[in-house]
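# Descriptive analysis of the structure
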Amino acid sequence: MSGIPLGVLDLVPVSSGSTAAEALRNTIDLAQQTERFGYSRYWFAEHHLNPGVAGTSPAVVLALTASATSTIRIGSGAVQLGHRTALSTVEEFGLIDALHPGRFDLGLGRSGGRPTGQRAGSRPTTTPVIDGRAPNGLRIPPRFSPEHLIGSPRFLLQQQLLHQPGARPQDYGEQVDDILALLRGDFSSADGIEAHAVPGEGAEVQVWILGSSGGQSADVAGRNGLRFAANYHVSPATVLEAAEGYRAAFQPSDHLDKPYVSVSADVVVAEDDATARELATGYGLWVRSIRTAEGAIAFPTPEQARAHAWTEADRALVADRVDTQFVGTSERVADQLEQLQEATGADELIITTITHGHADRVRSYQLLAEEWQRR
């Protein structure tokens, strides 16, 4: 399976008892280490108003990381276009590409703070899912609905703080079209007025679309012949329809002559299964904090997580994420990743790992890389 590249997705997590500054230093170190381990790319997510996540600006963090690494591709997974403009996005990435040309992935997402879930217009998968399993045994859990989060006070405040008063987000498809035109240098307004982004025009960035279902994101990626990343770690119930929807919409372009899909997975690896499970103990409580609209808490220690009094409602809230996290020895987890790759037809996999201790996180990536390279 070494022919299937592995990448990294980093939220810049803050552990309990730690600080955002330490989380950033750990991120730089992890990027340097995973570059040595042979990972192909390193992406930064974008999240806001989360006490336990310091990755608020992918462009800023990847600029810092680019200066500390030399070969690994670095990018956004993803820039949230819901509260940005096409021009500001192209100029930001053009600026850092000017100093580190040819190393950046511009991953674009629809969200501007909207919870991830099934999108309007998404297509159901044609792959039979029986008793929560794909034909090859990959777990496909019931759908999680994030609609209860949209009206939460925290979500409404986030929208208020991220948007200018009265601002109306541009249609996602149109916004992606404008980004591509600005990068190519052939942007023209409806009145025929040209605009040229300097820096940005001609930047050697690789454009990706990230999506959780077979809806608009998959359609936009396919229509433009762009690379597509499907989120098994965030929305495992819809990963099959996301990949299928993208492939169904794909049209060859100057970027690609055939579809190219990356799929994410949440992973914790250790020398033995018991240790891995212990390291992953805080994951359920952390997911709960996100799905109750509290905002991602600082990642807890196993002891802190065990102290939580779980209700049945709590367990149901996080079941799809906990049940689809790959936890265990490198052999066990690599087997599960092979299963994920087979079920989705992924061309590469993106690995996201969070543990309370930084050394344990680095070790998880190291053990997985060594096992993957043996296959």
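Below, the structure is looked at part by part. (Residues numbered from 1 in each chain as written. Predicted model: local features only at pLDDT ≥ 70, side-chain atom pairs only at ≥ 80, totals over all residues. Heavy atoms only, no water.)

### Digging into the overall build of the protein chain
Let me state the cut-off plainly: A helix here means a DSSP run of H or I that spans at least four residues, while a strand means a run of E at least two residues long, and both kinds are numbered starting from the N terminus. In this description the radius of gyration comes from C-alpha coordinates, and the expected globular size is given by 2.2 Å times residues to the power 0.38. Relative accessibility under 20% of the residue-type maximum defines a buried residue, over 50% an exposed one, and the middle range a partly exposed one, all with a 1.4 Å probe and only protein chains included. Residue contacts are counted whenever heavy atoms from the two residues lie within 4.5 Å of one another. Throughout, the Shrake-Rupley method with a 1.4 Å probe supplies accessible areas, and for residues the shown protein chains are the sole cover considered. Charge assignment in this entry is limited to Lys and Arg as positive and Asp and Glu as negative, and neither His nor the chain termini are counted. One atom stands in for each charge, and that atom is NZ of Lys, CZ of Arg, CG of Asp or CD of Glu.
Counting secondary structure elements, the protein chain contains 14 helices and 10 strands. For the protein chain, whose C-alpha radius of gyration is 20 Å, the value lies close to the compact-globule estimate of 21 Å for 375 residues. With respect to the three principal axes, the spread of C-alpha positions in the protein chain is 65 × 40 × 40 Å. The proportion of buried residues among the 375 residues of the protein chain is 55%. Contacts in the protein chain between residues at least 24 apart in sequence constitute 77% of all its contacts with a sequence separation of at least 6. Of the roughly 15,600 Å² that the protein chain leaves accessible, carbon and sulfur atoms contribute 52%. A distance of 4 Å separates the average location of the 31 positive side-chain charges in the protein chain from that of its 45 negative side-chain charges.

### A closer look at the side chain of Gln206
Operational definition: Pairs of N or O atoms within 3.5 Å make up the polar contacts considered here, provided that, within protein, one atom can donate a hydrogen while the other can accept it, and that residues adjacent in sequence are counted only when both atoms are side-chain atoms.
Tracing the backbone through its elements, the reader meets Gln206 in strand S6 (residues 206–211). Judged by relative accessible area, Gln206 falls into the buried class, the value being 17%. Here the side chain of Gln206 touches Arg41 through a polar contact of 3.3 Å, side chain to side chain. If we skip the residues at most four places from it in the chain, Gln206 touches Arg41, Arg73, Phe104, Asp105, Leu106 and Arg227.

### Brief notes about helix H2 (residues 58–68)
Put simply, the test is: It is the directions from the helix axis to the C-beta atoms that the arc portrays.
Within the span of H2, buried status applies to Pro58, Ala59, Val61, Leu62, Thr65 and Ala66. Take H2 and look down its axis: the buried residues cluster within an arc of 160°, on one side only. Projecting away from the buried face of H2 at angles above 90 degrees are the exposed residues Leu64 and Ser67. Against helix H1 (20–37), strand S2 (41–44), strand S3 (73–76), helix H3 (86–99) and strand S5 (104–109) lie the buried residues of H2.

### Regarding the layout of surface pockets
How we decide: Here a cavity means grid points, on a 1 Å grid over the protein atoms only, where a 1.4 Å probe fits yet cannot get out; a pocket means an open set of points with protein on both sides within 12 Å along at least five of seven lines; lining residues are those with an atom within 4 Å of a point. Grid points are joined across faces, edges and corners, and a volume is the space filled by probe spheres set on the points. Think of it as three bins: nonpolar holds Ala, Val, Leu, Ile, Met, Phe, Trp, Tyr, Cys and Pro, charged holds Asp, Glu, Lys and Arg, and polar takes everything else, Gly as well.
The calculated volume of the largest pocket comes to roughly 380 Å³. What lines the largest pocket is a set of 18 residues, and nearest its centre among them are Arg277, Ala280, Thr281, Val322 and Gln325. Those elements that place two or more of their residues in the lining of the largest pocket are helix H10 (283–291), helix H11 (302–306), helix H12 (312–323) and helix H13 (330–344). A per-element tally of the lining of the largest pocket places H12 first, with 5 residues. The class makeup of the residues in the lining of the largest pocket is 9 nonpolar, 4 polar and 5 charged.

### Thoughts on the packing of aromatic side chains
Counted only if it meets this: Only Phe, Tyr and Trp rings take part, Trp by its six-membered ring, and two of them pair if their centres are within 6.5 Å. Stacked means planes under 30 degrees apart, edge-to-face means over 60, and tilted covers everything else.
Taken as a whole and assessed by the stated rule, the structure comprises 9 aromatic pairs. Arranged with centres 5.1 Å apart and planes meeting at 80°, the rings of Trp43 and Trp208 form a pair that is edge-to-face. Of this pair, Trp43 sits in strand S2 while Trp208 sits in strand S6, placing them 165 residues apart in sequence. The buried category is assigned to Trp43, whose relative accessible area is 2%.

### Digging into the nonpolar core
Soluble, globular proteins show a tendency: their nonpolar side chains are buried together. We count it as follows: What makes a nonpolar core is a set of buried Ala, Val, Leu, Ile, Met, Phe, Trp, Tyr and Cys residues whose side-chain atoms join them at distances within 4.5 Å.
Membership of the largest hydrophobic core comes to 76 residues, with the highest contact counts inside it found for Leu337 and Leu349. With 7 residues, helix H6 (residues 172–184) is the single largest residue contributor to this core. With residues up to four places along the chain from it excluded, the contact list for Leu337 reads Ala265, Val267, Phe326, Leu349, Ile351, Leu368 and Trp372. Listed in part, the 21 residues of the second largest apolar core include Ala229, Trp286, Ile297 and Leu317.

### Considering the side chain of Thr89
Relative to the elements of secondary structure, Thr89 occurs in helix H3. Assessed through its relative accessible area of 0%, Thr89 is described here as buried. Sequence-distant contacts of Thr89, defined by excluding residues within four places in its chain, comprise Val79, Leu81, Arg84, Leu106, Leu108 and Ile179.

### Here we look at the pairing of S2
Note the following rule: Only strands joined by at least two bridges in the DSSP assignment are considered to pair. For crossovers, right-handed means that the path from the first strand over the helix to the second runs clockwise, given strands pointing away from the viewer.
Burial along S2 is two-sided: the residues Arg41 and Trp43 and Tyr42 and Phe44 are all buried. In the sheet, strand S1 (residues 6–10) pairs with S2 via 3 bridges, with the strands oriented parallel. Paired with Val8 across the two strands is Tyr42, which belongs to S2. In this view, the connection linking S1 to its parallel neighbour S2 by way of H1 has right-handed handedness. Taken together, the 4 bridges between S2 and S3 define a ladder with parallel strand orientation. Bridge pairing links Tyr42 to Ile74 in S3.

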